Amino acid sequence: MIHMRDVSKIYENGAVALDHVNVDIEAGDFVFIVGASGAGKSTFIKMLFREELPSSGSLFVNGRDVVHMKRSEVPYLRRGLGVIFQDYRLLPDKTVFENVAFAMQVIEAPRRLMQRNVNAVLDVVGLRDKFRCFPSQLSGGEQQRVAIARAIVNDPAIVIADEPTGNLDPETSWDIMDIFNRINLAGTTIVMATHDKTIVDTMQRRVIAIEDGHIVRDEAKGGYGYEA
Ligand SMILES: Nc1ncnc2c1ncn2[C@@H]1O[C@H](COP(=O)(O)OP(=O)(O)OP(=O)(O)O)[C@@H](O)[C@H]1O
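What you are looking at is a predicted structure, and each value in this text was computed from that prediction instead of being measured.

Colleague: Residue-level account of the sheet that holds strand β9 (residues 206-211), with values.
Modeller: Strand pairing in a sheet takes place through backbone hydrogen bonds and is either antiparallel or parallel in direction. The six strands are arranged β6-β7-β8-β3-β9-β10 in an open sheet whose pairing can be described as mixed. Of all the strands in the sheet, just β6 (81-85) and β10 (214-219) have a single pairing partner and so form its edges. When strand polarity is set aside, the average angle formed by the axes of neighbouring strands in this sheet is 15°. Packed onto the sheet, helix α5 (residues 140-152) meets β6 and β7 (158-162) and runs at close to 165° relative to β6.

Colleague: Tell me what's going on with the site of the ligand, and back it up with residues and numbers.
Modeller: Around the ligand, the structure places Tyr11, Asn13, Ala15, Ala17, Gly35, Ser37, Gly38, Ala39, Gly40, Lys41, Ser42 and Thr43. The greatest single-element share of the shell around the ligand, amounting to three residues, is contributed by helix α1 (residues 41-48).

Colleague: Could you give an account of the packing of α5 against helix α6 (residues 170-185), naming the residues involved and the relevant values?
Modeller: One way to put it is that α5 packs onto α6 with a least axis distance of 9 Å and a crossing angle of 15°. Considering the angle they form, α5 stands roughly parallel to α6. For α5 against α6, the interelement crossing comes out right-handed. Across the interface between the two elements, Gly140, Gly141, Gln144, Arg145, Ile148 and Ile152 of α5 pack against Thr172, Asp175, Ile176, Ile179 and Ile183 of α6. Each residue belonging to the contact of α5 with α6 can be placed in one class, and the counts come to five nonpolar, four polar and two charged.

Colleague: Report on the sheet that holds strand β1 (residues 2-10), specifying residues and quantitative values.
Modeller: Reading across from one edge, β2-β1-β4-β5 is the order of the four strands in this open sheet, with antiparallel pairing throughout. Looking at the sheet topology across the chains shown, the edges are occupied by β2 (16-25) and β5 (64-65). Pairing of β1 with β2 involves six bridges; the strand directions are antiparallel. Residue pairing across strands places Lys9 opposite Leu18, the latter belonging to β2.

Colleague: Go over α5, please, and point to the residues and values.
Modeller: Each α-helix turn comprises 3.6 residues. Residues three or four places apart therefore point the same way. The terminal C-alpha atoms of α5, which comprises 13 residues, lie 19 Å apart, in line with the 18 Å expected from a rise of 1.5 Å per residue. Burial runs high along α5: eleven of the 13 residues are buried. Among the residues making up α5, those that are buried are Glu142, Gln143, Gln144, Arg145, Val146, Ala147, Ile148, Ala149, Arg150, Ala151 and Ile152. On its buried face, α5 is in contact with β6, α3 (96-106), α4 (111-124), β7 and α6.

Colleague: Describe the packing of α3 against α4, and please don't skip the residues or the numbers.
Modeller: Running from N to C, α3 and α4 cross one another at 125°; their axes reach a closest spacing of 10 Å. Overall, the two elements α3 and α4 adopt an arrangement that is oblique. Along this stretch, α3 crosses α4, giving a crossing that reads as right-handed. Residues Phe97, Val100, Ala101 and Met104 of α3 form the contact with α4, whose participating residues are Met114, Asn117, Val118, Val121 and Leu122. Considered class by class, the residues forming the contact of α3 with α4 number eight nonpolar, one polar and no charged.

Reading guide: rules and limits
Residues numbered from 1 in each chain as written. Predicted model: local features only at pLDDT ≥ 70, side-chain atom pairs only at ≥ 80, totals over all residues. Pairing = 2+ DSSP bridges. Helix = DSSP H or I, 4+ residues; strand = E, 2+ residues; numbered from the N terminus. Axes fitted to C-alpha atoms, helices over the stretch in contact; angles between N-to-C directions. Contact = placed C-beta atoms within 7 Å. Near = placed C-beta within 6 Å. Parallel < 35°, antiparallel > 145°, perpendicular 65-115°, else oblique. Left-handed = near helix turned anticlockwise from the far one by under 90°. Nonpolar A, V, L, I, M, F, W, Y, C, P; charged D, E, K, R; others polar. Expected span 1.5 Å × (residues − 1). Buried ≥ 20, exposed ≤ 12 C-beta atoms within 10 Å, placed from the backbone.

Quick look at the structure:
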C-alpha cells in the first residue's frame, strides 16, 4: 500500500528532513508517526500525497510511483487518499454540506451520488443535523469532523492525518479518535502523525518513531515512548 525505499529528503536550504528511510505500510494498518518537533513527521506525511517529493529513493503509494509520476497524474494519486490537517482547512464561505460535497465535485462524481454519499459520511461523523452550518458556527471538534467527512467521502484507501487532534481538548480528541477507529475497522488504512502521548499509549497500534530524519523504532503495538 505504501512502500518507501531508501527515501531521503533534503530541503533547498540544506535541512535533512528524512535520511534513508524504509517503510512498508499494508492495507488496513493503523500507524502512528511519532517524534520530537522537527524530527521529520510532516515531511513523511507530505510525501505520501506528493506535497513534497523525495530527494532520492523510491516511493509507491496505492501502487503508484510517486517519484516518477507526471504532474497530470497527481490528482489520480490524491483521489485514493483522504488528507486531514491540524487546522481543518475548511472553506469558510461554504456550509458543512457544501464543504463535503465539494470534494465530490472536484472529482466530477455524478450529482445523484452526491446527496447520498455526503449524508452518509455526515452520519459517520455525527454531524448530519449541522449540514447547513458554516465552519465559523462550529466548535473545533465539529470542524475537524467535517474535515474527516470530506476526507472519506470519496472512499479513499488511505487516510493521512497530520496532528488531527493538535488543536483539540482531550475529550474532543477521543471523539475524533473514535471516528478514525471506526474508519479503520471498515478497512481503511490510517497514517497519523501525532504528539498525543495518551492517545498513542492507549490505542496500542503500530508506532513508527522518527528522530532526526531516521526511523528509530517500528513496533506493531507500540507506545509513544517519549515524555509528553
Ligand atoms: N519547507 C521547508 N524548507 C526547509 N526546511 C524544512 C521545510 N519543511 C521542514 N523543514 C525542516 O525539515 C526538518 C523536518 O521538519 P518536519 O516539519 O518534517 O518535522 P516534524 O517532525 O513534522 O515537526 P513538528 O512536530 O514540529 O511539526 C526540520 O529540520 C525542518 O526545519
